[in-house]
Amino acid sequence: MRKLFFIIVLLFLVGSCQDEVQPKPKAFLALEYPEAHYEQVNIGCPYTFEKNIDARISPSRNNIPCWININYDAMNGVIFLTYQPVRDNLDSLLTDAQKLPLQHTVKADAIEGNVYTNDLHKTYGMLYEVEGNAASQAQFYLTDSTDHFITGSVYFNSLPNYDSIVPAANYLKQDIKHLMESLQWN
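Residues numbered from 1 in each chain as written. Predicted model: local features only at pLDDT ≥ 70, side-chain atom pairs only at ≥ 80, totals over all residues. Heavy atoms only, no water.

Caption draft 1: Spotlight on the state of the cysteines. Scanning the model with the defined rule gives one disulfide in all. Across the disulfide from Cys45 sits Cys66; the S-S distance is 2.2 Å. Because the torsion about its S-S bond is -105 degrees, the bridge between Cys45 and Cys66 counts as left-handed. On the criterion of sequence distance, the pair formed by Cys45 in the loop between strand 1 (38-41) and strand 2 (47-52) and Cys66 in the loop between strand 3 (56-59) and strand 4 (68-72) is long-range, its members being 21 residues apart. Classification of Cys45 as buried rests on a relative accessible area of 9%. (Disulfide = S-S within 2.5 Å. Helix = DSSP H or I, 4+ residues; strand = E, 2+ residues; numbered from the N terminus. Buried < 20%, exposed > 50% of the residue type's maximum accessible area, 1.4 Å probe, protein only.)

If you want it as structure tokens, here you go:
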């Protein structure tokens, strides 16, 4: 009987010497991106701007003049820029640009619009920041209200998972803000 009691106590002691299983704490990835440095871009269009030196420009798939992609290969992301001249169609251009962010309301947790005004460069518009598992994390438009109209959208070449892409999305939003501030009409 003593042997049986000793074996049970020994098994209990050996079995209790395991690490406790702890759930992983929820957290964002601690991704770090290089400090942004910018260079002037002049591609022969009616506008110029500054882009991050770590991004590369390519023509859009549609091959429409002055429609470009600003590619961030390290992040697998892109900013799509489209340009259209204003020809008595400013109202329809504005309506279309303001409807684009609303297409993401099904998946978005929040969409915040910020008015942008730069009287020095005669540039006016809106920046929409999208939170949640939407396809685009930021969209914007800029115009001089008389001749020029630009829209832009951020997309990642992956399934939208906001928790995973939030650091990259925030980095690209800063580049969009710089693009908006540096944009000038020719």
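Caption draft 2: Geometry of a nonpolar patch on the surface. On the surface, Met1, Leu4 and Ile8 cluster together to form a nonpolar patch covering roughly 390 Å² of accessible area. Examined against the element boundaries, Ile8 turns out to sit in helix 1 (residues 2-15). (Patch = residues over 30% accessible without salt bridge, like charges linked within 9 Å, V, L, I, M, F, W, Y side chains within 5 Å. Areas by Shrake-Rupley, 256 points an atom, 1.4 Å probe, with all protein chains shown as cover. Salt bridge = Lys/Arg side-chain N within 4 Å of Asp/Glu carboxyl O.)

Caption draft 3: Representation of helix 2 (residues 90-99) within the structure. Considered for burial, the residues of helix 2 that qualify are Leu90, Leu93 and Ala97. The buried residues of helix 2 occupy one face: seen down the axis, they fall within an arc of 65 degrees. On its buried side, helix 2 packs onto strand 5 (77-85), strand 7 (123-132), strand 8 (136-143) and strand 9 (148-156). (Arc of directions from axis to C-beta. Contact = heavy atoms within 4.5 Å.)

Caption draft 4: Examining the sheet that holds strand 2 more closely. In space, the three strands of this open sheet follow the order 1-2-10, with antiparallel pairing throughout. The open sheet terminates on both sides in strands that have one partner only, identified here as strand 1 and strand 10 (184-185). Alignment of strand 1 against strand 2, held across four bridges, turns out to be antiparallel. Bridge assignment links Glu39 to a residue of strand 2, and that residue is Lys51. Where helix 3 (residues 162-182) meets the sheet, its contacts fall on strand 1, strand 2 and strand 10, and the angle it forms with strand 2 comes to roughly 150 degrees. (Pairing = 2+ DSSP bridges. Axes fitted to C-alpha atoms, helices over the stretch in contact; angles between N-to-C directions.)

Caption draft 5: Fine view of the nonpolar core. Core analysis: the largest hydrophobic core is formed by 31 residues, its most contacted members being Tyr47, Phe49, Ile70, Ile79, Leu81 and Phe140. Broken down by secondary-structure element, the contributors of at least two residues to this core are strand 2, strand 4, strand 5, strand 8, strand 9 and helix 3. Looking at this core, the element that brings in the most residues is helix 3, giving eight residues. Excluding residues that lie within four positions of it along the chain, Phe140 makes contacts with Ile79, Leu81, Met126, Leu127, Ile150, Thr151, Gly152, Ile176, Leu179 and Met180. Counting residues in each nonpolar core, the second largest holds eight residues, with Leu90, Leu93, Ala97 and Tyr128 among its members. (Core = buried A, V, L, I, M, F, W, Y, C linked by side-chain atoms within 4.5 Å.)

Caption draft 6: The arrangement of the layout of surface pockets in detail. Roughly 310 Å³ of volume is contained in the largest pocket. Residue lining of the largest pocket: 19 residues in total, with Arg61, Asn69, Asn71, Val78 and Phe80 positioned closest to the centre. For the lining of the largest pocket, the element with the most residues is strand 5, which contributes five residues. The class makeup of the residues in the lining of the largest pocket is eight nonpolar, eight polar and three charged. (1 Å grid on protein atoms, 1.4 Å probe; cavity = no way out; pocket = protein on both sides within 12 Å on 5 of 7 lines; lining within 4 Å. Points joined across faces, edges and corners; volume = space filled by probe spheres on them. Nonpolar A, V, L, I, M, F, W, Y, C, P; charged D, E, K, R; others polar.)

Caption draft 7: The pattern of salt bridges, seen in detail. Counted by the stated rule, this structure contains four salt bridges. With a shortest N-O distance of 2.9 Å, Glu39 and Lys51 are connected by a salt bridge. One end of the pair, Glu39, is in strand 1; the other, Lys51, is in strand 2, and 12 residues separate them in sequence. Judged by its relative accessible area of 8%, Lys51 falls in the buried class. For Asp73, the salt bridge identified is with Arg56, shortest N-O distance 2.8 Å. With Asp73 in the loop between strand 4 and strand 5 and Arg56 in strand 3, the pair connects residues that are 17 residues apart, well separated along the chain. By relative accessible area, Arg56 is classed as partly exposed at 42%.

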